[in-house]
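Results of the structural survey
So you can see what is in the structure, the chains are spelled out below.
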Amino acid sequence: RVLKVAKQKEVTFDEIREAEVILTTPDVLLAAYMTFHYKSKDPADKADPYKRKPPQVRAHPLFELLDAPEGMIGLAVIDELHRVAKRSNIGAKVVRMFTKKAKYKLGLTGTPVSKSPAQVADLAWALNALTPEGKKWMQKPESFQPASGDARSINEGRQAKFNLYLVDRVDKHFLKLPEKTEVSLYYDPFVGL
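Everything numeric here is computed off the predicted structure, so don't read it as measured data.

1. A look at the pattern of salt bridges
For side chains bearing opposite charge, pairing can occur when the charged atoms are close. Going through the model one piece at a time under the given rule, you end up with six salt bridges. In this structure, Arg1 and Glu20 form a salt bridge, with 2.4 Å as the shortest nitrogen-oxygen distance. Within this pair, whereas Arg1 is found in the segment before β1 (2–4), its partner Glu20 is found in the loop between α1 (13–18) and β2 (21–23), the two being separated by 19 residues in sequence. Classification of Glu20 as exposed rests on a relative accessible area of 59%.

In structure tokens, the structure reads:
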């Protein structure tokens, strides 16, 4: 019972309730969120501009999952996590709503952290990553800054702990790839090679 949600407007409450696995994207989650939230233009709301529409506007079916009892979302897998990890991004906040409810979460990215230690903390924040003791230190940018306070370098001890708790690396030593690959090329006289 796998449900693929390619567009937020094409899913019903019944389909969500019956699904064992739901495949969707952060873009679809954000579009679904906007069906019952709006961005306030009031200067007083600058820090938190997204407001709930009137109570009679029902939440999108995907967000009904967030009202389910704890543990109902077994696993949330976020591919290309770096694209939705920046905590100031509303897409990251929406993804985090689901990772906070998920018993297990897996973030996938092949993009290295390049700008600052805050990027590492943003990845952990989007996943709502905790240490085995339930501590949130890895979600805080200052946790990764060295004692010197330099925002461009990283505290290597904290980075090592982050990797120990949270990171599995997959590379050529991990994957068993075949030694040879067969490739067939065909020529189509109408299309070309």
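2. Overview of the packing of helix α2 (residues 26–33) against helix α4 (residues 90–101)
The geometry of α2 relative to α4 is characterised by a closest axis approach of 9 Å and an angle of 95° between their N-to-C directions. One finds that α2 runs roughly perpendicular with respect to α4. Note on element contacts: α4 touches α2 through Ile90, Gly91, Val94, Val95, Met97 and Phe98, opposite Pro26, Leu29, Leu30 and Tyr33.

3. A look at the side chain of Asp122
Position of Asp122 relative to the elements: it lies in helix α5 (residues 118–127). With sequence-adjacent residues up to four places away left out, Asp122 is seen in contact with Ala85, Lys86 and Arg87.

4. Overview of the nonpolar core
In this structure, Tyr33, Leu62, Phe63, Ile78, Leu81, Met138 and Phe144 are the most contacted members of the largest nonpolar core, which totals 39 residues. Listed by contribution, the elements that provide at least two residues to this core are α2, α3 (61–64), β5 (73–78), α4 and α5. Of the residues forming this core, the biggest block, seven residues, is contributed by α5.

5. Some remarks on the environment of Leu127
With respect to the helices and strands, the residue Leu127 is situated in helix α5. Separated by 31 residues in sequence, Leu127 and Arg96 place their C-alpha atoms 6.1 Å apart. Once residues within four sequence positions are removed from consideration, Leu127 is found in contact with Ile78, Leu81, Thr99, Lys105, Leu106 and Gly107.

6. What to know about α5
With eight of ten residues buried, α5 lies mostly within the body of the structure. All of the buried residues along α5 are Val120, Ala121, Asp122, Leu123, Ala124, Trp125, Ala126 and Leu127. On the buried face of α5, the contacting elements are β5, α4, β6 (102–107) and α6 (156–166). Once α5 finishes, Asn128 follows within two positions and takes phi at roughly 55°, a positive value.

What counts as what
Residues numbered from 1 in each chain as written. Predicted model: local features only at pLDDT ≥ 70, side-chain atom pairs only at ≥ 80, totals over all residues. Heavy atoms only, no water. Salt bridge = Lys/Arg side-chain N within 4 Å of Asp/Glu carboxyl O. Helix = DSSP H or I, 4+ residues; strand = E, 2+ residues; numbered from the N terminus. Buried < 20%, exposed > 50% of the residue type's maximum accessible area, 1.4 Å probe, protein only. Axes fitted to C-alpha atoms, helices over the stretch in contact; angles between N-to-C directions. Parallel < 35°, antiparallel > 145°, perpendicular 65-115°, else oblique. Contact = heavy atoms within 4.5 Å. Core = buried A, V, L, I, M, F, W, Y, C linked by side-chain atoms within 4.5 Å.

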